[in-house]
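What the coordinates show
Now for the letters of each chain:
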Amino acid sequence: MTADLTAGESAPVTACVTGYGAVTALGSASQTWAGVLAGQTAARPWQDLADEGFAVTTACRVTHLPTGEPERRGRDLASAAVADALGLADGALDAVPGDRIGVYLGTTMGESAGYERATSSFSVDAHNGAALARHVAELLGATGPVRAYGTACAAGNYAIGAAAAAVRAGRVDVAVAGGVEPFSRIAMVGFSRMRAMTPDLCRPFVAGRRGMQLGEGAAFVVIESAERVAARSADALAVVGALGLASDAHHPTSPRPDGSGMAAAMLASLSRSSVSPADVGWVSAHGTGTAQSDAAEAVALRAVFPDGVPVSSIKGAIGHTMGAASAVETVVAVQALAAGTLPPNVNGSSPDPGLGLDVVVAPRRADVRWVLNCAYAFGGLDSALLLGRAA
Amino acid sequence: MNVVMSSLPDVVRTVTSPSLVAAGDAVSAWAAAEALTLYGADERLDALYVATTGAGAAESLAFWAAARATGFALAAPGAFPYTLANAPAARIGTVLGIRGPSVTVLGSFDDALDAAREDLADGLATRALVVHLDPVAPATSADPPATPWRLTCSVVGAPPADR
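Residues numbered from 1 in each chain as written. Chains lettered and ligands numbered in written order. Predicted model: local features only at pLDDT ≥ 70, side-chain atom pairs only at ≥ 80, totals over all residues.

Along its length, chain A carries twelve helices and 15 strands. A compact globule built from 391 residues should have a C-alpha radius of gyration of about 21 Å, and chain A, at 19 Å, falls within 12% of that. Counting only C-alpha atoms, chain A reaches 65 × 55 × 40 Å along its principal axes. Taking all 391 residues of chain A together, 64% fall into the buried category. Counting contacts in chain A only where the partners sit at least 6 residues apart, residues at least 24 apart contribute 80% of the total. (Helix = DSSP H or I, 4+ residues; strand = E, 2+ residues; numbered from the N terminus. Rg over C-alpha atoms; globule rule 2.2 N^0.38 Å. Buried ≥ 20, exposed ≤ 12 C-beta atoms within 10 Å, placed from the backbone. Contact = placed C-beta atoms within 7 Å.)

Right, let's talk about the overall build of chain B for a bit. A count of helical and extended segments in chain B gives four helices and six strands. Secondary structure elements of chain B occur, N-terminal to C-terminal, as β-β-α-β-α-α-β-α-β-β. In chain B, buried positions account for 56% of the 163 residues. Across chain B, the fraction of contacts at a sequence separation of at least 24, relative to all contacts at a separation of at least 6, is 78%.

Next up on the list: the interface of chain A and chain B. With 43 residues of chain A at the interface, the matching set in chain B holds 45 residues. Going through the elements one at a time, α4 (112–116), α5 (129–140), β5 (146–149), α6 (155–169), α7 (185–193), β8 (238–247) and α9 (260–272) of chain A are the ones with two or more residues in the side of chain A that touches chain B. Tallying contributions element by element places α7(A) first for the side of chain A that touches chain B, with four residues. Here the residues of the side of chain A that touches chain B sort into 23 nonpolar, 16 polar and four charged. (Nonpolar A, V, L, I, M, F, W, Y, C, P; charged D, E, K, R; others polar.)

It is worth spelling out the domain arrangement of chain A at this point. Residue and element names in this part refer to chain A. According to the domain assignment, chain A contains domain 1 (15–231) and domain 2 (239–389). Once you take the C-alpha centre of each, domain 1 and domain 2 turn out to be 19 Å apart. Of all elements in the fold, only β1 (15–23), α1 (29–37), α6, β6 (174–181) and β7 (217–225) reach the threshold of two or more residues within the side of domain 1 that touches domain 2. For the side of domain 1 that touches domain 2, a count of residues per class yields 40 nonpolar, 20 polar and four charged. (Domains from an automatic or database assignment.)

Let's shift gears to the packing of α1(A) against helix α12 (residues 325–339) of chain A. Residues and elements named next belong to chain A. Contact pair α1 / α12: the axes reach a minimum separation of 10 Å and the direction vectors enclose 70 degrees. Taken together, the axes of α1 and α12 lie roughly perpendicular to each other. Contacts from A29, T32, W33 and V36 of α1 reach α12 at V331, V332 and Q335. (Axes fitted to C-alpha atoms, helices over the stretch in contact; angles between N-to-C directions. Parallel < 35°, antiparallel > 145°, perpendicular 65-115°, else oblique.)

Next up on the list: the pairing of strand β5 (residues 127–135) of chain B. Residue and element names in this part refer to chain B. Of all nine residues that make up β5, nine are buried, and the element is covered over most of its length. Neither face of β5 is left uncovered, since the one carrying R127, L129, V131, L133 and P135 and the one carrying A128, V130, H132 and D134 both have all their residues buried. Here five bridges tie strand β3 (residues 47–52) to β5, and the two strands are oriented parallel to one another. Its bridge partner being in β5, A47 is matched across the sheet by A128. With nine bridges connecting them, β5 and strand β6 (residues 147–157) associate as antiparallel partners. Bridge pairing in β6 places V130 opposite S154. (Pairing = 2+ DSSP bridges.)

All names here are of chain A. Where α9 meets helix α10 (residues 291–304), the axes come as close as 8 Å, and the angle between the chain directions of the two elements is 40 degrees. For the element pair α9 / α10, the angle class is oblique. Two packed elements cross with a definite hand, and for α9 against α10 that hand is right-handed. Across from M262, A263, M266 and L267 in α9, the residues of α10 making contact are A296, E297, A300, A303 and V304. Each residue belonging to the contact of α9 with α10 can be placed in one class, and the counts come to eight nonpolar, no polar and one charged. (Left-handed = near helix turned anticlockwise from the far one by under 90°.)

With 199 residues, the main nonpolar core has I223(A) and A128(B) as its most contacted residues. Considering every element that reaches this core, the biggest residue donor is α6(A), with ten residues. Excluding residues that lie within four positions of it along the chain, A128(B) makes contacts with L45(B), A47(B), L48(B), Y49(B), A116(B), L120(B), V155(B), V156(B) and G157(B). (Core = buried A, V, L, I, M, F, W, Y, C linked by C-beta atoms within 7 Å.)

A few words on helix α1 (residues 23–39) of chain B. The terminal C-alpha atoms of α1(B), which comprises 17 residues, lie 24 Å apart, in line with the 24 Å expected from a rise of 1.5 Å per residue. Those residues of α1(B) lying buried are A23(B), G24(B), V27(B), S28(B), W30(B), A31(B), A32(B), E34(B), A35(B) and Y39(B). (Expected span 1.5 Å × (residues − 1).)

The subject of this paragraph is unusual backbone geometry. Residues and elements named next belong to chain A. Positive phi, close to 65 degrees, is recorded for F205, a residue that is not glycine. By the secondary structure assignment, F205 is in the loop between α7 and β7. The backbone of S274 shows a phi angle near 55 degrees, a positive value even though the residue is not glycine. Tracing the backbone shows S274 in the loop between α9 and β9 (280–284). Residue S274 is classed as partly exposed on the basis of its C-beta count, with 13 C-beta atoms lying within 10 Å.

Now for the pairing of strand β14 (residues 370–377) of chain A. Residues and elements named next belong to chain A. A large share of β14 lies buried, amounting to eight of its eight residues. Residues W370, L372, C374 and Y376 of β14 are buried on one face, and the alternating residues V371, N373, A375 and A377, pointing to the opposite face, are buried as well. Looking at chain direction, β9 and β14 are connected through four bridges and run parallel. Along β14, the bridge assignment pairs S284 with N373. With eight bridges connecting them, β14 and strand β15 (residues 381–389) associate as antiparallel partners. Within β15, the position partnered with A377 by the bridge is L381. Hairpin remark: β14 followed by β15, antiparallel, with three residues in the connecting loop; positive phi at G379, about 90 degrees.

The structure is reproduced here in structure tokens:
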């Protein structure tokens, strides 16, 4: 990401991650990373779901936080992840005016329990993603841009990509960006009735895979310019490349089988970041474990990376956290870059050879410079975001 | 990167939807048909930005109420995608054949315009259809009555090519 400068031009701004935090069914960000490396899955059956009559009762739910009020579950998840991110970023917000702090948040369902437990005093403004974004802004004292993306299961990438762009453009000094998804009974019913949900375990890229598994969680990163990071003698943990976005314009829920939208998003992120496919050391795949989505993603990956690239999905470990998913995966990508280790494809140690992918089946040491984090969503949304090793 | 923004006059349409499961499908289809009529000939559109507060909300309430009434095993699978805020964007983008960014922000028309202008300046796209789709009156109960929806549209970005 270098370019020759002529007189009068300023050097491009590099957006850096200086802190991250996550809450998943495996625990905190560090516990999630350790669990994924160990091949753990947080999936288990839930008696309350059986008692309520759900056909599928296995899910990945967060148990290490207080239960709290159901209608504020998303806020509680976000608060915990943001607190961890700010702690790691150590002083990122010190002396920053509120109007120079931006919040960028993605979600699918918002506070799902707010809809499930709606009463005569229901207000959408209390439960949608904008409410979650306002909550994070209030936590931070942020009065700058506050943006909520309703871009479903790709929303984390949208939020983090936009936050990095805002830092590069100088619209904010510090951005806090990520995704939130509390456990959603509406989604449990919806995915199950669409026959998209596995009854047992999520097995991305495995022949005979039976579908996705619902999770819940939140993840946030703190993003600042490299100049600001250096000025406050902080550590950059990773750099954020350009976001690539595309659309299938095909079907409300199914991806294009040719993977062309997915590939377009990947290529857009690469070209806009001036990074070659050969420089990508790992793809954090969307890898939901559904037959159609995994197959289309494999087609796209073979097209963009004809020489192959290591690929894995963490959804076998923590389930599909929907709007939080690509934010959690961003955090895992930052950890992979720092550790020089590619995490394995949990529950997927025997990948389908017909997909033609180099699936990482066990933790793999690697001198990885760039990670491409891919996320797609209902509505034919395709996204890819590059994360790079710091320095 | 400097982007010269052109902005066409905003266009406003309204429709009334019932508070039934799959009403979200009907609203999305209506919005897509209106957008096709207005902008179908604009072949240079390469991005779509939709702002909404209520898309998916009334459908979530209706989907869940119906699922509880019928039992989860009989819940309507075709209605579930319309519990998502980005369902209208999916329908509009498909009808117009827009293969670039599809962005749904939870907020106002100005929020979508801001997002589109920032992304165009960042090079994500060159010419975007910007839409605001919301009920005229937001849902304020678990059983919202039929309500009119308002669609507001504009285009920002590079001027259309000379023909």
